[in-house]
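Geometric and topological summary
Each chain, written out:
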Amino acid sequence: MNMIKQTYRDALRDGMSEEMRRDAEVFLMGEEVAEYQGAYKCSAGMLEEFGPKRVIDSPITELGFTGLGVGAAFMGMRPIIEYMSWSFALLSSDQIINSAAKTYYMSGGKVGCPIVFRGINGLGKMVAAQHSHDYTNMYANCPGLKVVCPVTPADAKGLIKSAVRDNAPVLVMENERLYGMEGDVPEGDDVLVEIGKARLVREGKDITLIGYSMSALQCEKAAEMLAKEGVDAEVIDLRSIRPLDKSAIVKSIQKTNRAIVVEEGYSFAGIAAEIMAVISEEAFDALDAPVERMSLKDIPIPYADHLEQASIVQADDIVKKAVQICK
């Protein structure tokens, strides 16, 4: 398979564009997605190619344009709704949770909602508390929604394409710090990444490091550092939070017998807590040490850079914890 180098934002754009060429019912809507080419330039060139009826600038009314998108999905269209931030999308959570997520069930399967909601989630870079919250666990708690967190450019493209084709509402939780990251992306209009499948980033035998979004990158960096300490760490990028690839987690624990779960969300009722429960329920007998979790400090995210960095789990922190566990 041929590979090309792309940034995360360009991979997202190409994935959306390919799906819009493939299916005339797909359209993109959100604040500044058209004339400004996206707040983070993820829709650059799309207005020129598809026109203003399919790349639509919305007013600053998250509840309103989300409701419009959900209604369009009820009628068989396949909207992609972009938010400048999932923090702003709180205003539209009624439409996402009470309408998009539940209508298929409440209509007895008569009314579907094939819609994608996407935008930045979690910590950016000095954007302060109201723009830094990780809402992955909030939406993953809602039956009827699928939640994915692509880390690599290849996954950004493959998962956005799978999300558009899915008949359920899919939330694509991106991170601002990833948009400029380059990576190898497979060429081809039909190269998809399956929703519900984790990515084995690195094989190892001593301990499993589990993360998603930016925490998966910290796990990968930590594994490289641990190799110099004589610790062979396996790294799993969850990639899909709901549905969750439990089998990949259990298989790894049965091999390494130890685990650290890392997240950029808060520990209370968080994603790491859920992963720990999965391990306890399905792989407890394989453990040689208690599962550890490493989460965001339990504070609103500070604006100052040094305080922001101190609030999140760094690769050095993971290394110290892993060395202790593997002694």
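Up top you'll find the structure we're talking about.
Since the model is a prediction, treat every value here as computed from it, not as a measurement. (Residues numbered from 1 in each chain as written. Predicted model: local features only at pLDDT ≥ 70, side-chain atom pairs only at ≥ 80, totals over all residues. Heavy atoms only, no water.)

**Quick notes on the overall build of the chain**
Check the secondary structure of the chain and you find twelve helices and 14 strands. The C-alpha atoms of the chain give a radius of gyration of 20 Å, which matches the 20 Å a tight globule of 327 residues would have. Within the chain, buried positions represent 54% of all 327 residues. Long-range contacts, defined here as pairs at least 24 residues apart, represent 82% of the contacts in the chain between residues at least 6 apart. Of the accessible surface of the chain, which amounts to about 14100 Å², a share of 52% is contributed by carbon and sulfur atoms. Across the chain, 35 positive and 48 negative side-chain charges occur, with their mean positions spaced 2 Å apart. (Helix = DSSP H or I, 4+ residues; strand = E, 2+ residues; numbered from the N terminus. Rg over C-alpha atoms; globule rule 2.2 N^0.38 Å. Buried < 20%, exposed > 50% of the residue type's maximum accessible area, 1.4 Å probe, protein only. Contact = heavy atoms within 4.5 Å. Areas by Shrake-Rupley, 256 points an atom, 1.4 Å probe, with all protein chains shown as cover. Lys, Arg positive; Asp, Glu negative; His and termini not counted. Charge placed at Lys NZ, Arg CZ, Asp CG, Glu CD.)

**So, the pairing of strand β2 (residues 26-30)**
For a regular strand, side-chain orientation follows a simple rule: the groups alternate between the two sheet faces. Counting buried residues in β2 gives five out of five residues, a clear majority hidden from the surface. Burial of the side chains of β2 extends over both faces: V26, L28 and G30 are buried on one face and F27 and M29 on the other. Taken together, the five bridges between β2 and strand β4 (residues 78-83) define a ladder with parallel strand orientation. In the sheet register, M29 faces β4, and the bridge partner there is I81. (Pairing = 2+ DSSP bridges.)

**Let's talk about the packing of helix α1 (residues 8-22) against helix α7 (residues 153-165)**
The contact between α1 and α7 brings their axes to 8 Å, and the two run at 30°. Regarding the angle of α1 to α7, the classification is roughly parallel. Judged by the twist between their axes, the crossing of α1 over α7 is right-handed. Judged by residue contacts, Y8, A11, L12, D14, G15, M16, E18, E19 and R22 of α1 engage P153, A156, K157, I160, K161, V164 and R165 from α7. The residue inventory of the contact of α1 with α7, partitioned by class, reads eight nonpolar, one polar and seven charged. (Axes fitted to C-alpha atoms, helices over the stretch in contact; angles between N-to-C directions. Parallel < 35°, antiparallel > 145°, perpendicular 65-115°, else oblique. Left-handed = near helix turned anticlockwise from the far one by under 90°. Nonpolar A, V, L, I, M, F, W, Y, C, P; charged D, E, K, R; others polar.)

**Some details on the sheet that holds strand β11 (residues 233-237)**
Read across the open sheet, the five strands follow the order β9-β11-β10-β13-β14; overall the sheet is mixed. Whereas interior strands pair on both sides, the edge strands pair on one side only; in this sheet they are β9 (199-202) and β14 (292-296). For this sheet the average axis-to-axis angle between neighbouring strands, irrespective of direction, equals 25°. Sheet analysis places strand β10 (residues 207-211) next to β11, joined by five bridges and oriented parallel. Residue pairing across strands places I207 opposite A233, the latter belonging to β11. Along the sheet, helix α8 (residues 214-228) makes contact with β9, β10, β11 and β13 (259-266), crossing β10 at roughly 155°. Together, β10, β13 and β14 form the strand contacts of helix α10 (residues 271-282), whose direction differs from that of β13 by roughly 155°.

**Details of α10**
The α-helix winds at 3.6 residues per turn, so residues separated by three or four positions along the chain end up facing the same way. The end-to-end C-alpha separation of α10 is 17 Å, in line with the 16 Å expected for twelve residues at 1.5 Å each. Within α10, the full set of buried residues consists of I271, A272, I275, V278 and I279. Along the long axis of α10, the arc covered by the buried residues comes to 115°, so they all point the same way. The inward-facing, buried residues of α10 contact α6 (136-140), β10, β12 (240-242), α9 (246-256), β13 and β14. (Expected span 1.5 Å × (residues − 1). Arc of directions from axis to C-beta.)

**What about the sheet that holds β12?**
Spatial strand order, β3-β2-β4-β5-β7-β6-β12: seven strands in an open sheet with mixed pairing. In this open sheet, the two edge strands, each paired with only one partner strand, are β3 (55-57) and β12. Direction aside, neighbouring strands of the sheet carry axes that sit 20° apart on average. Contacts from α1 reach β2, β3, β4, β5 (116-120) and β7 (170-174) within the one sheet, and its direction differs from that of β2 by about 135°.

**Re unusual backbone geometry**
The omega angle of the peptide bond from R242 to P243 is 5°, so this bond is cis rather than trans. With respect to the helices, strands and loops of the structure, P243 is situated in the loop between β12 and α9. One non-glycine residue, E32, lies in positive phi territory at about 65°. Along the polypeptide, E32 turns up in the loop between β2 and α2 (46-50).

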